[in-house]
Amino acid sequence: MPTLDQAITSLQQQMNISGEKRRYISAAFQREMGKGLVGEKSSLKMLPSYFTNPSGQEKGIFLSLDLGGTNGRVYLLELLGAGDFKIREALAFPLKGYDQKSAGFYDFTAPSATGEDMFDFIVGKLKEIIRQDIVYSLGLTFSYPCNQEGPDHAVLLSWTKEIKTAGVVGRNVGQILTAALRKQQVNNVTLQAIINDTVAVQLAGAYGQPDCRIGSIIGTGHNSCYLETTGNYLAKPAIVNIEAGNFDKLPFTMYDQELDMHSNQPGVQLMEKMVSGKYLGELVRLIVLRFSEEGLLFKSFFSQLSTPGIFSTQDISKVLGDNTKELKTINKLLIQQMGITTSAYEERLGVYKICHAVQKRAASLVAASYLGILDRIDCSYGSHVIAVDGSLYNKMPGYAKYLNEALGEDIKGNIGTVTVKAVQEGSALGAALAAARPKY
Ligand code: GLC
C-alpha cells in the first residue's frame, strides 16, 4: 500500500498536463473544429451565430436576460459606446428555491417543470424592472447548445449542466419566451437576439477592443467561441459557438470516468466535466473518497465522504485560499461541511494538494483548447484578445494564473501578443449589444 505522499505524487503525475501533452490536445481540438465546421462527425458542434464583432458605436438602452444555469438575471442596460456601459437596473433570481409568497419550494430546472413554466416565471421577474410606457428591445443570453436559425430563433439541441426542464429540447426558445411575454400582456418588449454566453462575452470583449476574436466561459460550465472569417464554411464571417465542453480527445483518469458514469448524461460534455464549476468539487470528493477507502485520508469518515455533492467547487476555492499555517480554513470546512471532526495536518495538506492538482489540470486543458483555436484563426499568433468570464476564472484562487502561465509557455517565442481579458457582466452586455446591432 502506498503512503499518502506517494499516492499524492502519483495523482499529481496523472493530472499533469505537460507542454507536449497540451500541444497534442490542442492539435486534436483544432482537428475536431475543422470536422465540426464541415459537418463531419466531431465532438465539437461548431454552431454559427448570427453575429459578428460590434463596431463600438452601439448606443442606447436595452433589456438583457441571462439564463445560464441555476440563476436567471434581468437587466436594463445602457450602451454608451466604445466599450462603455451602465447597468441601470438588475435583478437576479434563482431558478430553484423557496418562494415566500406561496410558501413553497419551486424548481424550474427539474423535469417536473416545463419550458412554459420557466419562461412564465422569468417574464414575471422582467416585469419588475420595466415600465409600460416605454418600448424595449430585448437580448437573451441562453447558455446551452442551440441551432441558430435566425438572430432571434434558437432551437435547443440538448440541455447541459444537469438541467432537465421538460419540453424545451427541439424547440425555439425565442418562441417560448415571446409567447410568455404576450401571455402576460407584455406587448412593449420585442425579443431581438438570442446568443450563447460565450458569444455574449466575445461581443462584450470586442465592444472596446476589436482584436477580441475569442470568447470563453469558465464558470458552472465551460465553452468557447471565436470569429470565423474564412468564406469556405459560412456565407459571411460569424462568431461560432464551439460547444468546447463536449470535446473528448483527452487523457481521462479513473476519477473522470467515475464522475461521468454517475452524471445525468454519461459520455457527453467530457471536457466540461474536467474543467468547470459544476463538476470539479465532485471530482475532488471522488478522489478523497478513494484515498479514504485506501486508508490514506480520513479513514473513519468514509461514509460522510460517500455523499455525492458534499464537497462543492466553492469549497475548492476555500481550500486553495487557505493561507493559515495550520490550514485552519480547511479544518473548519471539513468539520462544518463534511462532519470530519478530526483531521491531521498532513491530511488537510493532502486535500489542498488534491484540489491544486485538479485545478491546475483544468486550467491547463482550457489553455490547450485556446491554443487550438488560435492555431485555427492565426497560426502566427498576431495580436489577439481572448475575453473570459465566469466564476472560476474570475474568482478561484490560482485558476487564471495557471491558465495564463500555460498559454504563455505554449506561445512563447511567437510574434504578436495574446492577452486574456477578464470580462465582468459579459452576458448582460453581450445580450444588449446583440439586441442593438444591425442584423447579420
Ligand atoms: C455549457 C453549455 C454551453 C455554455 C457553457 C457555459 O457547456 O452547453 O452552451 O456556453 O455551458 O455556460
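Preceding this paragraph is the structure being described.
Just so we're clear, the structure is a prediction, and the values are computed from it rather than from any experiment.

A. Local environment of the site of the ligand. The environment of the ligand is made up of 15 residues, and the closest members are Thr160, Asn196, Asp197, Glu243 and Glu272. A distance of 3.3 Å separates an oxygen atom of the ligand from a polar atom in the side chain of Gln269. For the ligand, the accessible surface in isolation is 310 Å², of which the surrounding protein chains cover 99%. Among the elements of the structure, α5 (197-207) and β12 (222-228) are those that each provide at least two residues to the shell around the ligand. Here the shell around the ligand is built from residues that sort into three nonpolar, eight polar and four charged.

B. Examining unusual backbone geometry more closely. With a phi close to 50 degrees, Met46 is a non-glycine residue in the positive phi region. Classification of Met46 by relative accessible area gives buried; the value is 4%. Although it is not a glycine, Leu327 sits at a positive phi angle of roughly 55 degrees. For Leu327, a relative accessible area of 6% translates into the label buried.

C. Focus on the sheet that holds strand β3 (residues 71-81). Within the open sheet, the five strands sit side by side as β4-β3-β2-β7-β10. Their pairing is mixed. At either end of the open sheet lies a strand with only one pairing partner, and these are β4 (84-94) and β10 (189-195). Between one strand axis and the next, the sheet turns through 25 degrees on average, direction left out of account. On the sheet, helix α4 (residues 173-183) packs against β2 (60-67), β7 (136-142) and β10 and is oriented at approximately 160 degrees with respect to β10.

D. Just the nonpolar core, in detail. Core analysis: the biggest nonpolar cluster contains 82 residues, and Phe291 and Tyr399 have the highest contact counts within it. When residues of this core are assigned to their parent elements, the largest contribution, 15 residues, is made by helix α12 (residues 345-377). Setting aside its immediate chain neighbours within four residues, Phe291 contacts Leu4, Ala7, Ile8, Leu11, Tyr255, Leu296, Leu297 and Ile354.

E. How the structure looks around the packing of α5 against helix α15 (residues 426-436). At a closest axis distance of 7 Å, the pairing of α5 and α15 adopts a crossing angle of 80 degrees. By the angle between their directions, the pair α5 and α15 is classed as roughly perpendicular. Contacts between α5 and α15 involve Asp197, Ala200, Val201, Leu203, Ala204 and Tyr207 on the former and, on the latter, Gly426, Ser427, Leu429, Gly430, Ala431, Leu433 and Ala434. The class makeup of the residues in the contact of α5 with α15 is nine nonpolar, three polar and one charged.

F. Here's a closer look at the pattern of salt bridges. Under the counting rule described, the total for this entry stands at 18 salt bridges. Glu282 is paired through a salt bridge with Arg285; the nearest N and O atoms lie 2.7 Å apart. Here the residue Glu282 and the residue Arg285 both occupy positions in helix α8 (residues 280-293), the gap between them amounting to three residues, near one helical turn. Judged by its relative accessible area of 19%, Glu282 is buried. By relative accessible area, Arg285 is classed as buried at 4%. Three or more residues joined by partner-sharing salt bridges are found here, namely Glu32, Lys35, Asp248 and Lys249.

Conventions we followed
Residues numbered from 1 in each chain as written. Predicted model: local features only at pLDDT ≥ 70, side-chain atom pairs only at ≥ 80, totals over all residues. Heavy atoms only, no water. Near = heavy atom within 4 Å. Polar contact = N/O pair within 3.5 Å; in protein donor to acceptor, adjacent residues only side chain to side chain. Areas by Shrake-Rupley, 256 points an atom, 1.4 Å probe, with all protein chains shown as cover. Helix = DSSP H or I, 4+ residues; strand = E, 2+ residues; numbered from the N terminus. Nonpolar A, V, L, I, M, F, W, Y, C, P; charged D, E, K, R; others polar. Buried < 20%, exposed > 50% of the residue type's maximum accessible area, 1.4 Å probe, protein only. Pairing = 2+ DSSP bridges. Axes fitted to C-alpha atoms, helices over the stretch in contact; angles between N-to-C directions. Contact = heavy atoms within 4.5 Å. Core = buried A, V, L, I, M, F, W, Y, C linked by side-chain atoms within 4.5 Å. Parallel < 35°, antiparallel > 145°, perpendicular 65-115°, else oblique. Salt bridge = Lys/Arg side-chain N within 4 Å of Asp/Glu carboxyl O.

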